Structures are given as structure tokens and as C-alpha cells.
Amino acid sequence: MRTHKTAEEFELLEQELEETKELLEKSEELREEYKSKYFQFKGIFQKQTHTFYLYQNLTESSREALAGIFKGESFEEFLACGVQPGNIDALWEFARNEALNENIADVVILSKMITYFVHLYNGTNDSPALNFLIPDIGINFDTDQHIRTQNSKPAGVISEVLLAGLSNAFNGEIIKKAVVKID
């Protein structure tokens, strides 16, 4: 009789072991799924927070000047303000002035912010509303498409693009001229 009871115990233990193996397998599948989702969200969140941290690296005078655009202190408020079309326009105008004055450090950051917010804004529409105008280096300066910096020659070829322009994605109309340097 003793061996029969041990066989039953052994069978129960084997069944318990199988159930545990199945639970472990399901747990590992869920872990991989959650890990994948974590990295996906981490990538999205890092891109968003990267722009917020860039903003915080602007000079204090630029951040103060942009206080009318970016209300509040939080990341969520930063996103909500930045994606509004009127604020994209105001941010671009501020960046244009900085580019014309060749405040390059801030212009680099402002340009990245504008790119981020335009892409975010375009994503809220069925089709993109705005396109970037990025002239090629070495082409002739054209007053219909470009604005030159104060220290640039009055005419010639573009040697540097400080700030991309914007155009209407539907009809190609230039909304904002690219800010360029002519040496």
C-alpha cells in the first residue's frame, strides 16, 4: 500500500510541476510582451522629453522671451503649448530673430523644437499641413524663398542654412522663408 500512495503523490507532484511550467512559460511570454512595450514607450517618451530638456537648455533670456508661448512648468504643459499652430508660428518667428542675429546656440535648439512640434502637429491631421523648406547649400539666394542674416552679403550663394522655412503642404505656398547665410 505504501508504494501506491507514493505513486499517487508522485503523480500529483508531476501534475503540479507541469502546471508550474505552464505558468512559468506564460509569465515569460508576458514578460517579453511587457518588455517590448516598455522599450516602445520609453523610446516615445525619451523623444518627447528630449525636446523638453532642449528647451530647458536655452539661454535664460530666450526662455524668458518664450514665456508667452510656453505657459506652466510641466512637460505636459510644454507639449500642449508647443503643438498649437499659433505657438509654432510664434516660436518660428522668435527663432528667425535669433537666426538673423546669429545666436547660433539657441537657434540650433529652437530649430529642433520647431521640427518636433511641426511633426507632432502634422500627426494630428489626416495629411501633413506643413512642410519644411531647406534650401541646398550652394544655390543662389532668392528673396522670394530666403531671408539672409545681417552679416551676409546682399547676394550670392547660400553657404549655411540657419533655420528651415515652412510651406503649406497642400498648395506649396511659402509661409516662412528659410534663414540663410551668404558668404
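Scroll up for the structure.
These numbers come from a predicted model, not from an experiment.

Chemist: What should I look at first to understand the nonpolar core in this one?
Modeler: If you look at soluble globular proteins, the nonpolar side chains tend to sit buried side by side. Grouped together as the largest cluster of nonpolar side chains are 33 residues, with contacts concentrated most on Leu66, Phe70, Leu91, Leu110, Met113 and Phe117. When contributions to this core are tallied by element, the ones reaching two or more residues are helix 1 (2–56), helix 3 (75–82), helix 4 (85–100), helix 5 (104–122) and strand 3 (158–163). The element that contributes the greatest number of residues to this core is helix 5, accounting for nine residues. Residues in contact with Met113, not counting those within four places in the same chain, are Thr51, Tyr55, Leu58, Phe70, Phe78 and Leu91. One finds Ile158, Ala178, Val180 and Ile182 within the second-largest nonpolar core, a separate group that totals five residues.

Chemist: Just checking my understanding: could you explain the pattern of salt bridges for this structure?
Modeler: When the charged atoms of two side chains lie near each other, side chains of opposite charge can form a pair. Enumeration over the complete set of coordinates arrives at six salt bridges. With its nearest N and O atoms 3.3 Å apart, the salt bridge here joins Glu32 to Arg31. Given the relative accessible area of 40%, Glu32 is considered partly exposed. As a salt-bridge pair, Lys37 and Glu33 come within 3.2 Å of each other at their nearest N and O atoms. Of this pair, Lys37 and Glu33 both sit in helix 1, four residues apart, which is roughly one turn of that helix. Given the relative accessible area of 37%, Glu33 is considered partly exposed. What you see here is one network of salt bridges that share partners, running through Asp89, Glu93, Arg96 and Lys176.

Rules used in this analysis
Residues numbered from 1 in each chain as written. Predicted model: local features only at pLDDT ≥ 70, side-chain atom pairs only at ≥ 80, totals over all residues. Heavy atoms only, no water. Core = buried A, V, L, I, M, F, W, Y, C linked by side-chain atoms within 4.5 Å. Buried < 20%, exposed > 50% of the residue type's maximum accessible area, 1.4 Å probe, protein only. Helix = DSSP H or I, 4+ residues; strand = E, 2+ residues; numbered from the N terminus. Contact = heavy atoms within 4.5 Å. Salt bridge = Lys/Arg side-chain N within 4 Å of Asp/Glu carboxyl O.

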